Amino acid sequence: MKLFVSEGNPHCLKVLAALEISGVKCDVQHSNHEEKVVPFLSRPTLPVLHLPSGQFLFSPNAICQYLFEVSGKQTSKQSHQWLEWEATELQPALMHALHLVAVQGKTDSAKALEAPLSFLEQNLSKKTTAFLTAETAEVADIVLWAALYPAFLENGLKIGELKSTRSWFEGVGVLPACKASAQSVFKGKGLEALKGYLQKQPAPHGPQAQHKDSHIGSSGSPAESEDSDRVMTQEEIEAAAQIWNQKIDCQSRPERKHPILPEKGKRNVLITSALPYVNNVPHLGNIIGCVLSADVFARYGRQRGWNLLYICGTDEYGTATENKAREEGLTPQQICDKYHAIHTSIYKWFQIDFDFFGRTTTQRQTEIAQDIFWRLNERGFLQEDTVEQLRCESCERFLADRFVEGVCPFCQYPEARGDQCDKCGRLINAVELKEPQCKVCKQTPVIRCSKHLFLDLPKLEGSLEQWLERSFSTGDWTTNARNITRSWLRDGLKPRCITRDLQWGTPVPHPDFAGKVFYVWFDAPIGYLSITANYTDQWEKWWKNPQEVELYNFMAKDNVPFHSVVFPCSLLGAQDNYTLVNSLVATEYLNYEDTKFSKSRGVGVFGDMAKDTGIPSDVWRFYLLYLRPEGQDAAFSWADMALKNNSELLNNLGNFINRAGMFVSKFFEGVVPQVTLQEEDKRLLAQVGWELKQYIQLLDKVRIRDALKCILNISRHGNQYIQVNEPWKKIKGGDTDRQRAGTVTAVSVNMAVLLSAMLEPYMPTVSETIRAQLQAPPATSHVMLQGEGNFVCSLPAGHRIGTVSPLFQKLEAEQIESLKKRFGGQQDEEETPKKQSQTINQNNAAPKPSAPSAAVVPEAPVKADLELAKQLAAAVAEQGDKVRALKAQKAEKAVIGEEVAKLLELKKQLALAEGKNPEPSPQKGKKK
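Here the structure is a predicted model, which is why all the values come from computation and not from measurement.

Caption draft 1: Structural view of the overall build of the protein chain. Within the protein chain one finds 33 helices and 20 strands. In the protein chain, of all internal contacts separated by at least 6 residues, the share reaching a separation of at least 24 is 77%.

Set out below in structure tokens:
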């Protein structure tokens, strides 16, 4: 590992201090400011950390965080927030102030720092710890101290008293590591030491120029820390103009041919999304945490030309399925069939482009799971033990982990599950819970003994740690995934039970354990393998080929330990050359407004409801990806969704693309005009090309949310470009003005094609619509994303475009308020028939005698027809799509009414086929 730094570079102060404090062994090489260390960057950047894997880290904050984490020092959530604040708020203001005083010699530069320093002072005055977030210095202390060091020099900026800030600053500054680093970078010269470095940097914009939407991720990626109005060098400007004029074949687009198999010499990428549990309808948080995030990365990888396979499916075994079947009066298999169809329909509407979406209730699952079991058993990685379990005498069964709740023995959280506490994250044995309760009947269970098999995790711990060290250093694991995994290892691994006393599951083949099934968290991840095996009988080319295959797992953070510890241990112990995860990508949680999603309480939007809101799936995708909880929990907000739709999609992105196309249609009869590039145009090409490079660098690192901001930055540049040049005025002038109008129009419409390519992973329908309206060559999205990115002229002079129309519609306040009320837990539709009946009785509004509680308890059971129900469920989904399409097209009411009637009739038939009474529950009378 080698760290490249330079004298007089304030950013190097951070990394040198972090290196000293962390104690990590690393070579330090002093370079000059103009030395190009990272070969793929267009301009010199320091500091740079060159990793043993050959990868480069070139964001100071990311380097600091990496050094701390390598040394075993975790980055707390509060530290993440401070790092984000430093990069987005403090650093831009600070660099502006330093440039003013050190380069321009101005004396009033401290004004630029008033707002961030005031914020820091307020927070430090309230702290109860010696440092920012703890009693010892964390990475955030080092980063903020180093950033502020030039401002607090004797001859530095003239800042105010800031008593709490100065006290904290001095406390960090006395650390030997900080003293030594300051001497190494500044050499006792004060601000004069920075002059040489600052003079070679683009003039920074003041804080007021910062975009209100700009966002820095918790790891401080370099792409986000640069201003979107970055000053381009002459070299970059000329290079962009040369790329623009390159002749590239945009006609032939690579086709996907199944089955997709690894190929030698290609980048073979296998993507899995955490298998959604079959009996739950996924809510927005489930969708963004797993399948949607993976879909964006998969679509992007295909554009980049990777040989890629995206696999997912429903996880169908376990107690939850048994219980759901009991609730609905169906068999577990019928429940799985019903909800698998629901999941498939939801993901289809959200445009999740799986290569194969399967399920775990298959013969392949049994074969592969039992093979791994026997291999573990033969190699001595399984052990027997008699365990105490909770049994509900009322329900007459042993309680699975998810069906017992109680008080956590570690943090006293009152709603801890039988396997893990959601608050403190500690693993729990169900019998350790205080005041346990059966979640089904609310009775107190009793303890009984049962013989089970355990995976001997302690015996596999050494192999696991060696593999993790390699995977951490070469892959793109999210910070939360690394931290959760390290916490498990730090506490020491314990044997993990892999069998359960259930009926619905993969049977344990050992004769001494007949009648038992595999525990879902041993069995479910094997579903990735079995689903691939159901896709192709050559599945082992993906799953037993670690030398040629890169595996990416996408999930929410609660699934991390089972994918980073338990499942890898199963595969390592099987000793069959299995492909293990290279990059584990985990999100934090997405909440709904100020609460949690709850289907039973009618709170939040679930997958089967989103399509009934009238909002296109691309808009849902955009907003979920815009607020993707990458560094910390996020919350869905109707008001914010409307704001982002109306400002970013309608007024920014849609406005620019529509104007560009309309100018071609209106002023040039639908034909792209000639281009004569001026310096201003070349500078724009360079700026757009730079954003494209950032987009690629971010998505290569699975920074999905931050890459989306690059798209919006480009359309923002485009709108400014059009406003400044006013082609609608110049087209009415002389030849020179008309030529200028043509150039601006042609450049803009080509920017629209680039945007369609960058939007394809995020908003596939919008992307396709843009290309169709502009009649863009089919392979543009593939060509422009090759290498570091190519903003080429894909619509040359003479190209005829199609009909241009608006891409987005405004979300009105009344519409949003109605949706907020509908999904806020106030609607009656989500109440159970029993609750509805109670409400009616409480309001003295008894049902009419002609309709006694038939909707609640049918007079006679109706026999279910599984096969018919399956067919009708698909027909209902198809007819529902048809009705929504007609409404979106604003078809005649009579036509819509006819199709709605068909839909209602199909729903009645489906209810009968499922053994339910199709008559609706009695409703309250409407107010007049």
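Caption draft 2: Main features of the sheet that holds strand 6 (residues 307–314). Here we have five strands laid out as an open sheet, ordered 7-6-5-17-18, and parallel in their pairing. The sheet is open, and its two edges are formed by strand 7 (356–359) and strand 18 (583–587), each paired on a single side. With strand direction ignored, the average angle separating the axes of adjacent strands in the sheet is 20°. The pairing of strand 5 (residues 268–273) with strand 6 spans five bridges and is classified as parallel. What sits directly across from I271, in strand 6, is Y310. Lying over the sheet, helix 13 (residues 332–349) contacts strand 6 and strand 7, oriented at roughly 160° with respect to strand 7.

Caption draft 3: Spatial organisation of the nonpolar core. Counting 190 residues, the largest nonpolar core has I271, F350, I372, W620, W638, Y695 and Y762 as its most contacted members. The greatest single-element share of this core, amounting to 13 residues, is contributed by helix 27 (residues 735–759). In contact with F350, other than residues within four places in its own chain, are L284, I287, G607, A610, S617, W620, R621 and L624. Counting 62 residues, the second-largest nonpolar core is a separate cluster that includes V24, L49, L153 and F169.

Caption draft 4: A look at the environment of T386. Secondary-structure assignment places T386 in strand 8 (residues 382–392). Here the alpha-carbon distance between T386 and S450, two residues 64 residues apart in the chain, equals 5.4 Å.

Caption draft 5: Local environment of the environment of L399. Within the fold, L399 resides in the loop between strand 9 (397–398) and strand 10 (404–407). Under the relative-accessibility criterion, L399 is labelled buried at 6%. It is 10.0 Å that separates the C-alpha atoms of L399 and V446, two residues lying 47 residues apart in sequence.

Caption draft 6: Main features of the sheet that holds strand 3 (residues 48–50). Pairing is mixed across the open sheet formed by four strands, whose spatial order is 2-1-3-4. Both outer strands of the open sheet, strand 2 (27–30) and strand 4 (56–57), are each paired with one neighbouring strand and no more. Bridging between strand 1 (residues 2–5) and strand 3 involves three bridges; their strand directions are antiparallel. Looking at strand 3, one finds that F4 is bridged to V48. The sheet strands contacting helix 1 (residues 10–22) are strand 1 and strand 2, and the helix crosses strand 1 at an angle near 145°.

Caption draft 7: Representation of the pairing of strand 6 in the model. Counting buried residues in strand 6 gives eight out of eight residues, a clear majority hidden from the surface. On strand 6, burial covers both faces: N307, L309, I311 and G313 on one face and L308, Y310, C312 and T314 on the other are all buried. In this fold, strand 5 hands off to helix 11 (residues 284–303), which returns the chain to strand 6; that crossover is right-handed. One ladder, built from four bridges, connects strand 6 with strand 7; its direction is parallel. Bridging across to strand 7, I311 finds its partner in F356.

Caption draft 8: Helix 12 (residues 319–328), seen in detail. With eight of ten residues buried, helix 12 lies mostly within the body of the structure. Taken as a whole, helix 12 has its buried residues at T319, A320, T321, E322, N323, K324, A325 and E328. Those residues of helix 12 that are buried lie in contact with helix 13 and strand 9. Looking at the residues trailing helix 12, positive phi occurs at G329, about 70°.

Caption draft 9: Just the packing of helix 2 (residues 60–70) against helix 5 (residues 139–148), in detail. Packing of helix 2 against helix 5 leaves a shortest axis separation of 10 Å and a crossing angle of 145°. The handedness of the crossing between helix 2 and helix 5 comes out as right-handed. Of the residues in helix 5, those in contact with N61, C64, Q65 and F68 of helix 2 are V139, I142 and V143. Grouping the constituent residues of the contact of helix 2 with helix 5 by class yields five nonpolar, two polar and no charged.

Caption draft 10: Highlighting the pairing of strand 2. Relative to strand 2, strand 1 runs parallel, the two sharing four bridges. Bridging across to strand 2, L3 finds its partner in V28. Following the backbone out of strand 1, through helix 1 and into the adjacent parallel strand 2, one traces a crossover that is right-handed.

Caption draft 11: Looking closely at the packing of helix 23 (residues 638–667) against helix 25 (residues 704–725). Relative orientation of the contacting elements helix 23 and helix 25 amounts to 50°, with a least axis distance of 9 Å. As summarised for this structure, helix 23 and helix 25 are arranged oblique, according to the angle between their axes. As helix 23 packs across helix 25, the resulting crossing turns out to be left-handed. Only I711, L712, S715, R716, G718, N719, I722 and Q723 of helix 25 make contact with helix 23, whose side of the interface consists of E648, N651, N652, L653, N655, F656, R659 and F663.

Caption draft 12: How the structure looks around the pattern of salt bridges. Inspection of the entire model under this criterion finds 39 salt bridges. Where R740 meets D681, a salt bridge forms, and the shortest distance between an N and an O atom there is 2.7 Å. One end of the pair, R740, is in helix 27; the other, D681, is in helix 24 (residues 679–700), and 59 residues separate them in sequence. Comparing R740 with D681, the two get one shared label, buried. A salt bridge links D706 to R703, with the shortest nitrogen-to-oxygen separation between them at 2.7 Å. Across the pair, exposure class does not vary: D706 and R703 are buried alike. One connected set of salt bridges, linked through shared partners, spans R628, E630, R703, R705 and D706.

The rules behind the values
Residues numbered from 1 in each chain as written. Predicted model: local features only at pLDDT ≥ 70, side-chain atom pairs only at ≥ 80, totals over all residues. Heavy atoms only, no water. Helix = DSSP H or I, 4+ residues; strand = E, 2+ residues; numbered from the N terminus. Contact = heavy atoms within 4.5 Å. Pairing = 2+ DSSP bridges. Axes fitted to C-alpha atoms, helices over the stretch in contact; angles between N-to-C directions. Core = buried A, V, L, I, M, F, W, Y, C linked by side-chain atoms within 4.5 Å. Buried < 20%, exposed > 50% of the residue type's maximum accessible area, 1.4 Å probe, protein only. Right-handed = clockwise from strand over helix to strand, strands pointing away. Left-handed = near helix turned anticlockwise from the far one by under 90°. Nonpolar A, V, L, I, M, F, W, Y, C, P; charged D, E, K, R; others polar. Parallel < 35°, antiparallel > 145°, perpendicular 65-115°, else oblique. Salt bridge = Lys/Arg side-chain N within 4 Å of Asp/Glu carboxyl O.

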